[in-house]
Amino acid sequence: MKPAQFEYFDPGTLDEALKLLRDHGDDAKVLAGGQSLVPLMNFRLARPKVIVDVNKIPGLDYVRDVDGMIHIGALTRQRTVETSSVIKGKCPLLTEATYWVGHLAIRTRGTVGGTIAHADPAAEYPCVLSALGGQVVVKGPAGERVLTADDFFVTFLTTALQPTEMVTEVRFPTVPPEAGWAFVEFSRRHGDFAIVGVAAMVQLDKQRKCTDARIALCGVGGTPFKARSAEAILKGTEVTDKVIQAAAEKVGGEVEPEGDLHGSAEYRKHLAKVLTGRTLRKALEKAGKVG
Ligand SMILES: Cc1cc2nc3c(=O)[nH]c(=O)nc-3n(C[C@H](O)[C@H](O)[C@H](O)COP(=O)(O)OP(=O)(O)OC[C@H]3O[C@@H](n4cnc5c(N)ncnc54)[C@H](O)[C@@H]3O)c2cc1C
C-alpha cells in the first residue's frame, strides 16, 4: 500500500524543524531513518498530515566520549554505532546489542534517536539505555530537557516526548573496563524483533563479590523492564550459580508480559527467567578480564 497524502518539509536547521513541529503540533511527524515510520504509513496505521524530514540537519550525527557517558547524536545511524571503535571500547554492551537490531540494510538507515523515540517495547537500544541508566536529551519550544530512561519511556510506543519536541541526543553511561556485560535475546529469526531480550552489566571486586549489577529486559511489557530486585540479589554477594538462579527466578516472577501471536504471557515469563540466567553467566565470564 501507499501512504495517505502528506505535506513534506526538509528543514536545514534544528530551529526550522522545531518551528515546523510547533506550527503543526499533533499533525506532524519527524522522519529520521524511516525504518519504522514508513512501514506504518504504508499500512496506514500512521497518517501524519505533515512530515518533517530531519536528515538534512547538520550536527546531529556524532559519537562523543564525555565524562563517563557516550553522547550519540539523534541522527547517528545504527550502523555507525555498530562500527564505532569509541563505542566498542567504552560501551561494548551497545555494540553487542546492535548486532540484534534488524538487518544490515535497516541499521544503515535506522537512527539512534528514531529507535529511542519510537519506543518499541521489544527494541534493543531502549533496553540497554534502561539497564545502564542512560539519558535522553530533547529540545522543544521550552528549550532543552534531559530525561532519564525511566522517565522517558511511558508505555507501548509512547514516550514523554511532546509533539513539539525532538530527541537530539542519547547518552549511554560507559561500561567500566573490568565489568562484564552481555546482551542475549530470543527471536524467531535473526533480525526479527526480540520476543524477549536481556541486557546486563556486572562488576566484581577482587574477592569476586558483586559491587554493581545492571539488568533490563525488552519484550516483557510496554517499556523496558528494569530488574531492580534481581540487581539487589546480586549486589554485595559472591555470585554463585545459586545466586544467578535466584536472580533469574526473581525476574521470571516479577515480569508481567502480555501474550501475542509470537508467544503467550507464560512463555515470555519463562524466557525472561532463562535468558536472565544466560545473560548473567555470559556477563560474569567477562567480568574482571580487562581488555
Ligand atoms: C524488518 C525490520 C526489522 C526491524 N528489526 C528491529 C529490531 O530487531 N530491533 C529494533 O530495535 N528495531 C528494529 N527495526 C526498527 C528499526 O530499528 C528502526 O530504525 C527504528 O525503530 C526507528 O528508527 P528510524 O530512524 O528508522 O526512525 P523513523 O522510522 O524515521 O521514526 C520512527 C518514529 O520515531 C520518531 N522520530 C524519529 N526520530 C526522531 C527524533 N529525533 N525526535 C523525535 N521523534 C523522532 C518518528 O516521528 C516516528 O514516530 C526493524 C525495522 C524493520 C523494517
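Whatever comes next refers back to the structure up there.
Only a predicted model underlies this, so the values are computations on that prediction, with no experimental measurement involved.

Analysis parameters
Residues numbered from 1 in each chain as written. Predicted model: local features only at pLDDT ≥ 70, side-chain atom pairs only at ≥ 80, totals over all residues. Heavy atoms only, no water. Pairing = 2+ DSSP bridges. Helix = DSSP H or I, 4+ residues; strand = E, 2+ residues; numbered from the N terminus. Axes fitted to C-alpha atoms, helices over the stretch in contact; angles between N-to-C directions. Contact = heavy atoms within 4.5 Å. Salt bridge = Lys/Arg side-chain N within 4 Å of Asp/Glu carboxyl O. Buried < 20%, exposed > 50% of the residue type's maximum accessible area, 1.4 Å probe, protein only.

1. Some words on the sheet that holds strand β3 (residues 50-53)
Within the open sheet, the three strands sit side by side as β1-β3-β2. Their pairing is parallel. The sheet terminates laterally at β1 (7-9) and β2 (28-31), the two strands that pair on one side only. Strand-to-strand twist of the sheet, defined as the mean angle between neighbouring strand axes without regard to direction, takes the value 25 degrees. Where β1 lies against β3, three bridges are found, and the strand directions are parallel. Bridged to E7 within β3 is V50. Strands β1, β2 and β3 of the sheet are contacted by helix α1 (residues 14-24), whose axis makes an angle of about 165 degrees with β3.

2. Notes on the pattern of salt bridges
A full pass over the atoms with the stated rule returns 17 salt bridges. Notably, a salt bridge pairs E82 with R107, separated by 2.8 Å at the nearest N-O pair. Of the two residues, E82 sits in helix α3 (residues 78-83) while R107 sits in helix α6 (residues 104-109), which places them 25 residues apart along the sequence. Here D260 ties to R268 by a salt bridge, and the two come within 2.7 Å at their closest N and O atoms. Accessibility expressed as a relative area gives 39% for D260, which makes it partly exposed. Judged by its relative accessible area of 6%, R268 is buried.

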